[in-house]
Amino acid sequence: MELLKQRILEEGTVKNQNVLKVDSFLNHQLDIELLNNIGLEFKKRFQNDNITKILTIESSGIAIACMTAFHMKVPVIFAKKSVSLNLDESCYESDVYSFTKQKFYKIYVSKKYLSSEDNILIVDDFLAMGSAASGLIDIVKKSGATLSGIGIVIEKGFQDGGRVLRSKGLRIESLVIIDSIENGNIVFR
Ligand code: 5GP
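None of these values were measured; they are calculated from a predicted model.

A. View of the overall build of the protein chain. Helix and strand content of the protein chain: 6 helices and 10 strands. When its C-alpha atoms are laid out on the principal axes, the protein chain stretches across 45 × 35 × 35 Å. Out of the 189 residues in the protein chain, the part that is buried amounts to 49%. When contacts within the protein chain are restricted to residue pairs at least 6 apart in sequence, long-range pairs at least 24 apart make up 62% of them. Looking at the protein chain as shown, the accessible area adds up to about 9,600 Å², and 49% of this sits on carbon and sulfur atoms. A distance of 2 Å separates the average location of the 24 positive side-chain charges in the protein chain from that of its 23 negative side-chain charges.

Below, the structure written as structure tokens:
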């Protein structure tokens, strides 16, 4: 997606060799017009898959999921990262290792909102080692729902997540894939 590549080159900053900061349009301030284009692009790629719900993880995935869901006319479910009083007692849960926070955490989805009748599209902002996606895939499996595919805004192709998930036969649609970030220089595939 050219528009996205351009924004990454113009506004992305590299925190270290592995972490790309895109706070000005995706992870802190949100560019709704760009997100709308991202939603339309995911719709184009998955519109023939009879998706019934979009699943993501709080918090950065939510805006992406909402824009996609708006165009696909389906609900969004976001996995929660903490238990609170208003979370249903009956939940699917899984473990995720946070690449940016360097620690494990649990994610939860109420059993009320996922069932074996659902056909799920997972979306997220980044794919790095694949831990967040794997946690969501695990929850889809536990619910008995079908997983149609995974839509990723920025895949870091130099980390292993994409390769591992594709080798399991999963359909991953990444809007941009970064092959390397060396000396602050971003190279797209
Ligand atoms: P993974 O679980 O695939 O290792 O990492 C994906 C998750 O970590 C994403 O949900 C995203 O929030 C965060 N993440 C991984 N790499 C980056 C990065 O380079 N930049 C930003 N902003 N977030 C990242």
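Still more to cover.
B. Examining the pattern of salt bridges more closely. Taken as a whole and judged by the stated rule, the model has 16 salt bridges. Glu-41 is paired through a salt bridge with Arg-45; the nearest N and O atoms lie 2.9 Å apart. Residue Glu-41 and its partner Arg-45 are both found in helix H3 (residues 32–46); the two are separated by 4 residues, about one turn of the helix. A salt bridge links Lys-142 to Asp-138, with the nearest nitrogen and oxygen atoms 3.0 Å apart. Pair noted here: Lys-142 and Asp-138 are both in helix H5 (residues 131–143), with a separation of 4 residues, about one helical turn. Overall, Lys-142 belongs to the partly exposed group, its relative accessible area being 45%. Asp-138 sits in the partly exposed class, given a relative accessible area of 25%. Salt bridges sharing common partners tie together Glu-41, Lys-44, Arg-45, Asp-49, Arg-171 and Glu-173.

Rules of the game
- Sequence positions are assigned chain by chain, starting from 1 and proceeding in written order.
- Totals for whole chains, interfaces and linings use every residue, but because this is a predicted model, local features are given only for residues with pLDDT of at least 70 and side-chain atom pairs only at 80 or more, for both listing and counting.
- In computing side-chain values, all of the structure's heavy atoms are included and hydrogens and water are not.
- Here a helix means four or more residues in a row that DSSP labels H or I, a strand means two or more in a row labelled E, and each is numbered from the N terminus.
- Exposed residues in this analysis have more than 50% of their type's maximum accessible area, buried residues have under 20%, and partly exposed residues fall in between, with area computed by a 1.4 Å probe over protein chains only.
- Contacts were defined at the residue level, with two residues in contact if any of their heavy atoms lie within 4.5 Å.
- Working definition of accessibility: Shrake-Rupley area with a 1.4 Å probe, residue cover restricted to the visible protein chains.
- Neither His nor the chain ends contribute to the count of charged residues, in which Lys and Arg are positive and Asp and Glu negative.
- We put the charge of a Lys on NZ, of an Arg on CZ, of an Asp on CG and of a Glu on CD.
- Salt bridges, as used here, are contacts in which a Lys or Arg side-chain nitrogen is within 4 Å of a carboxyl oxygen on Asp or Glu.

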